[in-house]
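Structural characterization, general
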Amino acid sequence: MTPATITLRPQQTLAASAEVFGFGFWSGRDIRLEFRPAEPNTGIVFVRTDTVVPLHIPAKVRNRIEQPRRTTLVRRDLVSGETAVEMVEHVLAALAALQVDNAEVWCDSAEMPGCDGSSLAFVEAIDRVGVVTQDAVRPQLRVTEPLRVGDANAWVEAKPCQNETYSVRYELDYGPGPIGQQDYQTDVTPDTFRSELAAARTFVLEAEARYLHDQGLGHRVTARDIIVFDDHGPVDNHLRFDDECPRHKALDIVGDLALAGCDLVGEFTGFQSGHRLNAALVAELLKAETIIDRKAA
Ligand SMILES: [Zn+2]
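The following refers to the structure shown. It should be emphasised that the depicted structure is a prediction, and the values quoted were computed from it without experimental measurement. (Residues numbered from 1 in each chain as written. Predicted model: local features only at pLDDT ≥ 70, side-chain atom pairs only at ≥ 80, totals over all residues. Heavy atoms only, no water.)

Observations regarding the overall build of the chain
A tally of regular secondary structure across the chain gives six helices and 20 strands. Whereas a compact globule of 297 residues would reach a radius of gyration of roughly 19 Å, the chain reaches 19 Å, a difference of no more than 12%. Structurally, the chain occupies a C-alpha span of about 60 × 45 × 35 Å along its principal axes. Out of the 297 residues belonging to the chain, those deemed buried represent 54%. Here the contacts in the chain between residues at least 6 apart in sequence split such that 73% fall between residues at least 24 apart. Accessible surface for the chain amounts to roughly 13,600 Å². Of this, 49% is attributable to carbon and sulfur atoms. Averaging the positions of the 30 positive and the 45 negative side-chain charges in the chain gives two centres separated by 4 Å. (Helix = DSSP H or I, 4+ residues; strand = E, 2+ residues; numbered from the N terminus. Rg over C-alpha atoms; globule rule 2.2 N^0.38 Å. Buried < 20%, exposed > 50% of the residue type's maximum accessible area, 1.4 Å probe, protein only. Contact = heavy atoms within 4.5 Å. Areas by Shrake-Rupley, 256 points an atom, 1.4 Å probe, with all protein chains shown as cover. Lys, Arg positive; Asp, Glu negative; His and termini not counted. Charge placed at Lys NZ, Arg CZ, Asp CG, Glu CD.)

Put into C-alpha cells, the structure is as follows:
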C-alpha cells in the first residue's frame, strides 16, 4: 500500500478524569491512580504526585529500565534524581487498545495498582468516562520488513500484514504440566481487547511465588489475586479462559508495544518472550521503520 492511500485516525483523549484504587503487587503499597485528559500530541505521561513537585514520566521506550517481570519507566534529573513508575504494562495496554492516545496518569505511589492482575479495572475506568476525538491525527508505524529480536529459546517478531490490522499472537511452551503448550492470536481493536484480552490475568508458578514471597515481595498478594499454578492447575482459583496464559502474554505485548507511542500496523508474535524482548522490538522498530504522522495531500 502506498502512503497516499493510508488513512490515519484522529487522536483521542478521555472525556473526563477516571480513578482506579488498589495496591502494588510487588511493593504492597496502596495507590490512587487517576487518568486525566491531555492535549493532542501529549501521548501517555505518568505523573508522580507524591514528590515535592509533580514529576512527569512519558511512556516512551527510551525511559524504560530493566526490572524483573515488569515494565518500569524512569526519569532522571539533577534535582530529583531518579523517579520511577513500575508495572505500567497493564495500564498501557488498556490505554493503547482503547485508543486513548493522550492522557496523564496521575499516581501517588511508584507501583501501579495490581487489581486482579489484568487490565480489566483500567478498561472499566476508561469506559466509565469514554473518549473524545481531537484535532490531530494519530501517527502510525507500519511494519514493512520482518524483524525479530531474541534467540531460539525466546523471541518476538514483527511482520508486515496484508489487511491493515494490528495483530498479536503468543506461543508458550512450559513442557509437561498444567500450562503446557498453548498459543493465542487476535486482531487488537477496542472491542476485541475488551472481550478477549482485558480480563486475562498474570500467572506465576507456585515455586516462583514462593521465591518472591521469600524475597519479601508480594506479601499482600494471594492466589485469589493472580493465578498461581501448581502441578495440577490453578491454586485456589479458576481460569477465566482455557487459554488465559497466552492471552495475558498477548496483553503484555500490547502494553509494551505501546511504548512506541503510535498506532501499529503489522503482525506481532511472541514465543516464550517477556517485557525485555517486547521493549527491544519496539526500539528496533523505531530505528528501522518510518512513522507516518500526516495525511497524504
Ligand atoms: Zn502482565
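Here the narrative resumes.
Thoughts on the packing of aromatic side chains
Evaluation of the coordinates by the stated rule reveals six aromatic pairs. For the pair Phe 203 and Phe 229, a centre-to-centre distance of 6.3 Å together with 85 degrees between the ring planes defines the contact as edge-to-face. Of this pair, Phe 203 sits in strand β16 (residues 203–205) while Phe 229 sits in strand β17 (residues 227–230), placing them 26 residues apart in sequence. For the pair formed by Phe 203 and Phe 229, the shared burial category is buried. One aromatic cluster in this structure is built from Tyr 174, Phe 203 and Phe 229. Of note, Arg 36 hangs over the ring of Trp 106, and the distance from its end group to the ring centre comes to 3.6 Å. Taking the ring centre of Phe 241 as reference, the NZ or CZ of Arg 247 above it sits at 4.0 Å. (Phe/Tyr/Trp six-rings, centres within 6.5 Å; stacked < 30°, edge-to-face > 60°. Lys NZ or Arg CZ within 6 Å of the ring centre and 35° of its normal.)

Describing the coordination of the zinc ion
Distances from the zinc ion to its protein donors, His 90 (NE2), His 248 (NE2), Asp 252 (OD) and Asp 252 (OD), fall within 2.1 to 2.7 Å. Around the zinc ion, the four donor atoms are arranged such that angles at the metal cover 53 to 151 degrees; this shape is classified as irregular. Positions of the donor residues of the zinc ion along the chain correspond to the pattern H-x157-H-x3-D. Taken as a pair, His 90 in helix α1 (residues 89–97) and His 248 in helix α5 (residues 244–257) lie far apart in primary sequence, 158 residues in all. (Donors = N, O, S within 2.8 Å, 3.2 Å for Na, K, Ca; no water. Tetrahedral: all angles 85-135°; square planar, octahedral: opposite > 155°, others 65-115°.)

Some thoughts on the pattern of salt bridges
Summed over the entire model, instances satisfying the criterion amount to 26 salt bridges. A salt bridge links Arg 48 to Asp 50, with the nearest nitrogen and oxygen atoms 2.8 Å apart. According to the relative accessible area criterion, Arg 48 is buried, its value standing at 11%. Exposure remark for Asp 50: the relative accessible area of 38% places this residue in the partly exposed category. Between Asp 116 and Arg 240 there is a salt bridge, and its shortest N-O distance comes to 2.8 Å. Within this pair, whereas Asp 116 is found in the loop between β9 (103–107) and α2 (120–129), its partner Arg 240 is found in the loop between β18 (233–234) and α5, the two being separated by 124 residues in sequence. Taking the relative accessible area as the measure of exposure, Arg 240 reaches 37% and is therefore partly exposed. Ionic contacts of the salt-bridge type, sharing partners, join the residues Arg 9, Asp 101, Arg 138 and Asp 263 into one network. (Salt bridge = Lys/Arg side-chain N within 4 Å of Asp/Glu carboxyl O.)

A look at the environment of Leu 217
As for its position among the elements, Leu 217 is in the loop between α4 (206–214) and β17. The class for Leu 217 is partly exposed, based on a relative accessible area of 26%. When the C-alpha atoms of Leu 217 and Phe 25 are compared, they prove to be 7.8 Å apart, with 192 residues separating the residues in sequence. If we ignore the near neighbours within four places in the chain, the residues touching Leu 217 are Trp 26 and Leu 212.

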